[in-house]
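Structural features, examined
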Amino acid sequence: MPQEATVPSARQVELLEAAYRYALAHGLSDLSLRPLAAAVGSSPRVLMFLFGNKDGLVRALLARARVDELTALEQLGDADRPIGLAPAAGRIWSWLAAREHRPLLRLWAEAYARSLVEPEGAWAGFARTTVNDWLDVLAACQPESERHTEDGVTRRTLVLAVLRGALLDLLATDDEARTAAAVHHQLANLSAPTTR
């Protein structure tokens, strides 16, 4: 008999949302349950009861951040009417470069880096999962004739590398003009007809 997923209580959802807002403002690296509990109007004991332990809470926060990330990315359309890789990447870059998304993207960058250097525990698999998420979204934006080819995989991998690199540069320097120019230059190259 399949095991039913546990439905979170209203209080768990409320505390997760409050903890997520806290994580967006303060990050996860130095997360301590006592200050977090005080900020969200709870206690460390309640947080431990609801999320199992600190790693369980961090996993829940990463899953919550992933929902926001995927919601933004999935607005690009669907595989039945693909908009094309370059237009999709342009829209993604506009979203990534928007100042109001910086807290989420800093949290994403922190989790991405932590999962690379701490492959066990709460961060396990985050980087790989996010790469797969982005590649799946980009694949859905490609025409069917390109999507499943070796060249199609290479092109979306290149787009992801450009977007991710420019995003990390933007987060580090806050230089929107330079990073946007580099992204748009690469997207123009991507859109140009290829000669073989």
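These numbers were taken from a predicted model, which means no experiment stands behind them. (Residues numbered from 1 in each chain as written. Predicted model: local features only at pLDDT ≥ 70, side-chain atom pairs only at ≥ 80, totals over all residues. Heavy atoms only, no water.)

Some thoughts on the nonpolar core
- Within the largest apolar cluster, 59 residues are counted, with the highest numbers of intra-cluster contacts made by Leu28, Leu36, Leu61, Trp93 and Leu163.
- With residues up to four places along the chain from it excluded, the contact list for Leu28 reads Ala23, Val58, Leu61, Leu62, Leu107, Glu110, Arg114 and Trp123. (Core = buried A, V, L, I, M, F, W, Y, C linked by side-chain atoms within 4.5 Å. Buried < 20%, exposed > 50% of the residue type's maximum accessible area, 1.4 Å probe, protein only. Contact = heavy atoms within 4.5 Å.)

Considering the pattern of salt bridges
- Following the criterion strictly, the structure yields 13 salt bridges and no others.
- The partner of Glu176 in a salt bridge is Arg99, and the shortest N-O contact between them spans 2.6 Å. On the criterion of sequence distance, the pair formed by Glu176 in helix H10 (residues 176-191) and Arg99 in the loop between helix H5 (85-97) and helix H6 (102-117) is long-range, its members being 77 residues apart.
- The partly exposed category is assigned to Arg99, whose relative accessible area is 46%.
- In this structure, the salt-bridge partner of Arg178 is Asp169, at a minimum N-O distance of 2.7 Å.
- The partly exposed category is assigned to Asp169, whose relative accessible area is 26%. (Salt bridge = Lys/Arg side-chain N within 4 Å of Asp/Glu carboxyl O. Helix = DSSP H or I, 4+ residues; strand = E, 2+ residues; numbered from the N terminus.)

Points about H5
- With 13 residues, H5 extends 18 Å between its outermost C-alpha atoms, agreeing within 8% with the 18 Å of an ideal straight helix rising 1.5 Å per residue.
- For H5, the full list of buried residues reads Leu85, Ala86, Ala88, Ala89, Gly90, Ile92, Trp93, Leu96 and Ala97.
- In this structure, the buried residues of H5 make contact with helix H4 (54-73), H6, helix H7 (126-141), helix H8 (144-147), helix H9 (150-173) and H10. (Expected span 1.5 Å × (residues − 1).)

Some words on the packing of H5 against H9
- Look at H5 against H9: their axes get within 11 Å of each other, and the N-to-C directions meet at 15 degrees. Classified by the angle their axes make, H5 and H9 are roughly parallel. In this structure, H5 meets H9 at a crossing whose hand is right-handed. Mapping the contact onto sequence places Leu85, Ala89, Ile92, Trp93, Leu96 and Ala97 in H5 and Arg155, Arg156, Val159, Leu163, Ala166, Leu167 and Leu170 in H9.
- For the contact of H5 with H9, the residue count by class is 11 nonpolar, no polar and two charged. (Axes fitted to C-alpha atoms, helices over the stretch in contact; angles between N-to-C directions. Parallel < 35°, antiparallel > 145°, perpendicular 65-115°, else oblique. Left-handed = near helix turned anticlockwise from the far one by under 90°. Nonpolar A, V, L, I, M, F, W, Y, C, P; charged D, E, K, R; others polar.)

Quick look at the environment of Leu62
- Looking at the secondary structure, you find Leu62 in helix H4.
- Residues Leu62 and Leu107, 45 residues apart in the sequence, show an inter-C-alpha distance of 8.6 Å.
- The contacts of Leu62, once residues within four sequence positions are left out, are Leu28, Ala111, Ala122, Trp123 and Phe126.

Observations concerning the packing of aromatic side chains
- Under the counting rule described, the total for this entry stands at two aromatic pairs.
- With a centroid separation of 5.1 Å and 35 degrees between ring planes, the pair formed by Trp108 and Tyr112 is classed as tilted. Of this pair, Trp108 and Tyr112 are both found in helix H6, four residues apart, which corresponds to roughly one turn of the helix. You'll find Trp108 and Tyr112 in the same group, each marked buried.
- Considering the side-chain rings of Trp108 and Trp134, the 6.2 Å spacing of their centres and the 35 degrees angle between planes classify their relative orientation as tilted. Here Trp134 lies in helix H7 and Trp108 lies in helix H6, a separation of 26 residues in the sequence. Per residue, the accessibility class of Trp108 equals that of Trp134, and both read buried. (Phe/Tyr/Trp six-rings, centres within 6.5 Å; stacked < 30°, edge-to-face > 60°.)

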